[in-house]
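Coordinate analysis (summary)
The lines below spell out each chain.
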Amino acid sequence: MEADVDSYLLPLWISCKTVLVTTAITFVLGIAVARWMARYSGKYKGMIDGIFILPLVLPPTVVGFGLLMLFGKNGPLGEFLSLFDMTVVFSWPATVIAAVIMTFPLMYMSARAGFEQVDVNIENAARTLGASEWRVFWTITMPAARPAIMAATVLAFARALGEFGATLMLAGNIPGKTTTIPVAIYFNIQAGHTDKAMVLVFIVLAISFVSLAALTYWKLKIPAKP
C-alpha cells in the first residue's frame, strides 16, 4: 500500500519541484530577454528571435537529443562540469534544464508582446523627469505589461508540468529522482498499469485546470490598457 502511495507522491513531488524552479528561472530570463528584444532593432533581430523560439517548433526529443549532446560526458558543457566532478545527465537538475528550454519560448513571446504594447512616449517622459531606467521599468513598463506577463507565467507553468520528451532524453526515468508525472504516466502505460496512469492523468488535469482558471481570473480582474 505504501509503495502504491509513493508511486503517486514521488512523481508529484518531483514534478512540483521541477515546475516551480523552472517557472522561477523562466520568469526571470523570459522577462529580461523579452524586454531587451522589444526595444532591440538591430539587423539580426529576426535571427535572434528565431533562435529563442526554436525549441517551440522542434520536436521535444530533438531538443532533448541536443541537450544530451551538450551536457553528455563528451559534450562541451559535460566535459567542463566533469572538471568539478559534476554531471547533469540523469540527474534532477536535468529535469529543470529540459523544462526551462522547452518553456522559455512561451514566456518570451508573451512577455515580449506585452512589452511591445507599452507606450514608449510614457517611458521617455518619465526619463526626462529624472527617473532612472530601473524605476521606469518597475513603475511604468512592468505594470503596463502585467496582464501579458501573468498569462505567460501561467502558460510556462502548465508547459513545464507537461514536459516529457526532452526530460526523458536528458534526465531519464530514475524513480524518486527524475521521474516526473508525464514520465511516470508513460512508463506505467508501458508496463500495463493503466489504473496508476489514470490517477496521474487526473492529477495533471486538475493542476492544469486550476492554472487555466487562475489565468482566466487574472484576465477578468486586470483591466485592459485603454
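Residues numbered from 1 in each chain as written. Predicted model: local features only at pLDDT ≥ 70, side-chain atom pairs only at ≥ 80, totals over all residues. Heavy atoms only, no water.

Looking at the packing of aromatic side chains
Under the criterion given, the structure shown has ten aromatic pairs. Here the aromatic rings of W36 and Y40 are separated by 5.1 Å at their centres, their planes lie at 35°, and the arrangement is tilted. According to the relative accessible area criterion, W36 is partly exposed, its value standing at 43%. Seen from their ring centres, F52 and Y108 are 5.3 Å apart, and the 65° between their planes marks the pair as edge-to-face. One end of the pair, F52, is in helix α2 (residues 45-57); the other, Y108, is in helix α5 (residues 92-116), with 56 residues separating them in the sequence. For F52, a relative accessible area of 21% translates into the label partly exposed. Judged by relative accessible area, which is 0%, Y108 ranks as buried. The ring of W92 carries the charged tip of K17 above its face, separated from the ring centre by 5.0 Å. (Phe/Tyr/Trp six-rings, centres within 6.5 Å; stacked < 30°, edge-to-face > 60°. Buried < 20%, exposed > 50% of the residue type's maximum accessible area, 1.4 Å probe, protein only. Helix = DSSP H or I, 4+ residues; strand = E, 2+ residues; numbered from the N terminus. Lys NZ or Arg CZ within 6 Å of the ring centre and 35° of its normal.)

What to know about unusual backbone geometry
At D85, a position not held by glycine, the phi torsion is positive, near 60°. In this fold, D85 is placed in the loop between α4 (76-82) and α5. Its identity as a non-glycine residue notwithstanding, F90 has a phi of 60°, on the positive side.

Digging into the UniProt feature "transmembrane region" (unreviewed entry) in the protein
According to UniProt, the "transmembrane region" (unreviewed entry) feature falls on residues 12-38, 50-70, 90-108 and 197-218. In the segment residues 12-38, helix accounts for 100% and strand for 0%; the C-alpha atoms at its two ends are 36 Å apart. Annotated as residues 50-70, this span is 90% helix and 0% strand, and its ends, taken at the C-alpha atoms, are 20 Å apart. (UniProt positions renumbered as here; feature names shortened; annotations may be inferred.)

Thoughts on the UniProt feature "domain: ABC transmembrane type-1" (unreviewed entry) in the protein
Per the UniProt record, "domain: ABC transmembrane type-1" (unreviewed entry) is found at residues 12-213. Spanning residues 12-213, this segment combines 79% helix with 0% strand, and its end C-alpha atoms are found 20 Å apart.

Quick notes on the packing of helix α3 (residues 60-71) against α5
Remark: α3 packs on α5, axes separated minimally by 11 Å, with the N-to-C direction vectors making an angle of 130°. Between α3 and α5, the crossing angle belongs to the class labelled oblique. Crossing angle aside, the handedness with which α3 passes α5 is right-handed. Listed contacts from α5 to P60, V63, L67 and F71 of α3 are I97, A98, I101 and M102. A per-class count over the contact of α3 with α5 returns eight nonpolar, no polar and no charged. (Axes fitted to C-alpha atoms, helices over the stretch in contact; angles between N-to-C directions. Parallel < 35°, antiparallel > 145°, perpendicular 65-115°, else oblique. Left-handed = near helix turned anticlockwise from the far one by under 90°. Contact = heavy atoms within 4.5 Å. Nonpolar A, V, L, I, M, F, W, Y, C, P; charged D, E, K, R; others polar.)

With respect to the packing of helix α6 (residues 120-128) against helix α7 (residues 133-161)
Put simply, α6 and α7 touch, their axes get as near as 10 Å, and they point 140° apart. Here α6 lies oblique to α7, going by the angle between them. Remark: the crossing between α6 and α7 carries right-handed chirality. Facing I122, E123, A126 and R127 of α6, the residues of α7 in contact are E133, V136, I140 and T141. A class-by-class count of the residues in the contact of α6 with α7 yields four nonpolar, one polar and three charged.

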